[in-house]
Amino acid sequence: MAFTLPELPYAYDALGPYMSKETLEFHHDKHHQAYVTKANELIAGTGLENLSLEEAMVAAFKDKSKAGLFNQLGQHFNHIHFWHWMKKGGGGNKLPGKLEAQITKDLEGFEGFKKKFIEAGTTQFGSGWAWLAMDNASGKLEIVKTPNGENPVVLGKTALLGVDVWEHSYYIDYRNARPKYLEAFVDSLINWDYVAELYEKGPMKIAA
Amino acid sequence: MNSLISKRTFLSYLAATPLVIGALQFISPVKFAHAAADAPKTSGPFTLPKLPYATNALEKAIDAQTMEIHHGKHHQAYVDKLNEEVAKDPALKGKMLDEIIGEVSKYPAAVRNNAGGHWNHSFFWNLMTPEPTTMSDELKQAIEDSYGTVEEFKKQFEEAGTKQFGSGWVWLVVTSEITVEIVTTPNQDNPLMDVVELGGTPILGNDVWEHAYYLRYFNKRADYLKSWWNVVNWKVVSENYAKAKL
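Each chain has its residues counted from 1, running along the sequence as written. For naming, the first written chain is A and the first written ligand is 1, with later ones following in the order written. Reporting of local features is limited, given that this is a predicted model, to residues whose pLDDT is at least 70; pairs of side-chain atoms are given and counted only at 80 or more, and all residues count toward the totals for whole chains, interfaces and linings. By convention in this description, side-chain values take in all heavy atoms of the structure and omit both hydrogens and water.

All names here are of chain B. Counted as salt bridges are all cases of a side-chain nitrogen of Lys or Arg within 4 Å of a carboxyl oxygen of Asp or Glu. Counting across every chain of the model gives 21 salt bridges over all chains. E85 is paired through a salt bridge with K88; the nearest N and O atoms lie 3.2 Å apart. Taken together, the positions of E85 and K88, both in helix α3 (residues 64–88) and three residues apart, correspond to about one turn of that helix. With its nearest N and O atoms 3.1 Å apart, the salt bridge here joins K140 to E144. In this pair, K140 and E144 are both assigned in helix α6 (residues 137–147), four residues apart and thus about one turn of the helix distant. Comment: elements are numbered from the N terminus, with helices defined as DSSP H or I runs of at least four residues and strands as E runs of at least two.

Set out below in structure tokens:
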């Protein structure tokens, strides 16, 4: 089944001034669309066509000859969730109870999470992502950073929250000031309800 | 075999011969200085080189605001962070940038990233000019030997730059066989680093990090790569080629 570009779950101007309409138009309509288009091109004839996105993504990650396909599938997966990880009026330290309790236990509370998450995003050199992830084996929460299209799922973890630190996600609004973008993401954009929903679902284990 | 490997093999052969160990110290910087083309032959603390033209001089391909941020913020940050690493590690004290690049596997990732960023950008600014320039006959011949025509070379260079997934660079290098070849590297790696698979001596390189083109070209990296030929300083590239093949 062909992959398709999902619609944004809010209007293009909903995240201003923290993320502009112009950024969302390019990021969703051009960048995400290109990952979808190329994923569909590159998956043809690989034998992975009938797998779920997550299964195909993990299988392509494990097969170095499919690195080009993996890049597109990883980015499709990352962006599908990225749009939901933000909302108008989001961000801040009001977290759903159970999630907050585990963040307190594993990451020294919201302030600990914020510091580590922003640091991971700032120090991810070049294109990539910073994550709040759950380790599937231990169930512990941790902060992870990954290059380019990689994500916690291919590392045997569950992605609960991710922030895109490719320059295209902040260059129009913040220029080179990546830490300012990350601060705004944490303080004013995170959709904690969606993070909690993924947390409640528990480990995402993908067989491949 | 690429020139980097042959260089390393040569140096390890020398190192294994007690009589010429003294000569190694003399030979090594000369080799590196030659390999580094126009990058600064300086040791730390490093400084941001001045642009060889006004920030609005390259408007045919790159807007003034991009030049200001790219040079004044991004390149400056690589210089500053490299200097932090030099201050921390006595092994880096007094080392030339070229030397650090050639043995970058010995150092933490922050050295690789920021020494690479400083080298690559210092090289990059000198590759561009608002003036019309032409390439030397010998460079043209080398490009035609590898790619048939200059047009075909440009097409393949643009394609390689477009396909480099995420941040990185696309280069034209001189290989140990004295042929020219297009290679790409991720992030701020470059073909002189001992960590890269396909090495060589860079004579031309274009930055395909999004910060190099996003304010004017947005997601259209291919358009940026095509426009960039309008500001390439072929005189400098030809000089780089002449030096690299010595």
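Before going further, it helps to spend a moment on the sheet that holds strand β2 (residues 141–147) of chain A. All names here are of chain A. Two strands form a pair only when DSSP identifies at least two bridges running between them. Sheet architecture is open: three strands sit in the order β2-β1-β3, paired in antiparallel fashion. Where the open sheet ends on each side, the last strands, each with one partner, are β2 and β3 (157–164). Across the sheet, the mean angle from the axis of one strand to that of its neighbour is 30°, orientation sign disregarded. Pairing analysis gives seven bridges linking strand β1 (residues 128–135) to β2, with the strands arranged antiparallel. For M134, the partnering residue across the bridge sits in β2 and is L141. Docked against the sheet, helix α5 (residues 109–123) engages β1, β2 and β3, running at close to 10° with respect to β2. For every element, the axis is a line fit to its C-alpha atoms; helices are fit only across the contacting stretch, and the angle between N-to-C directions ranges from 0 to 180 degrees. Only heavy atoms enter the contact rule, under which two residues are in contact if any of them lie within 4.5 Å.

The next subject is the pairing of strand β3 (residues 201–207) of chain B. Moving residue by residue along a regular strand, the side chains alternate between the two faces of the sheet. Residue and element names in this part refer to chain B. Within β3, seven of the seven residues are buried, leaving the element largely enclosed by the surrounding structure. Judged from the six bridges that link them, strand β1 (residues 168–174) and β3 form a sheet pairing that is antiparallel. Within the sheet, the bridge partner assigned to V174 lies in β3 and is T201. Burial here depends on accessible area, computed with a 1.4 Å probe over protein chains only, as a share of the maximum for the residue type. Under 20% is buried, over 50% is exposed, and the range in between is partly exposed.

Turning our attention to the side chain of B:N83. Assignment of secondary structure puts B:N83 in helix α3. In this view, B:N83 contacts B:P45 and B:F46; residues no more than four positions away in its chain are not counted.

All names here are of chain A. Here chain A is described as being made up of domain 1 (21–84) and domain 2 (97–201). Each of two parts loses accessible area, computed with a 1.4 Å probe, when they are put together; buried area is these two losses added. A per-residue breakdown of the area domain 1 buries against domain 2 is headed by T23, F82 and H84, which together make up 31% of the total. Examining the composition of the side of domain 1 that touches domain 2, we find that nine residues originate from one element, helix α3 (residues 67–84), more than from any other. Note that Gly is not counted as nonpolar here; it falls among the polar residues with everything else outside the nonpolar set of Ala, Val, Leu, Ile, Met, Phe, Trp, Tyr, Cys and Pro and the charged set of Asp, Glu, Lys and Arg. The class makeup of the residues in the side of domain 1 that touches domain 2 is eight nonpolar, nine polar and one charged. Segmentation of the chain into domains, including their bounds, is taken from an automatic or database domain assignment.

Reports of interface size often rely on the accessible area that becomes lost once the parts have come together. Opposite the 18 residues of chain B that make contact, chain A presents 20 residues. For the pair chain B and chain A, the two sides together bury roughly 1800 Å², of which 62% comes from carbon and sulfur. The largest per-residue losses of area from chain B upon contact with chain A belong to B:F165, B:E210 and B:Y214, which jointly make up 37% of the total buried on that side. The tally of links between chain B and chain A comes to zero salt bridges. As used in this structure description, the phrase polar contact means that two N or O atoms lie within 3.5 Å; if the pair is within protein, one of them must be able to donate a hydrogen and the other to accept it, and residues adjacent in sequence are counted only when both atoms belong to side chains. At the boundary of chain B with chain A, the tally comes to seven residue pairs in polar contact (both at pLDDT 80 or more). Put simply, the parts of the chain that give the side of chain B that touches chain A at least two residues each are α3 and α8 (214–217) of chain B. With five residues, α3(B) is the largest single contributor of residues to the side of chain B that touches chain A. Taken together, the residues that form the side of chain B that touches chain A break down as seven nonpolar, nine polar and two charged.

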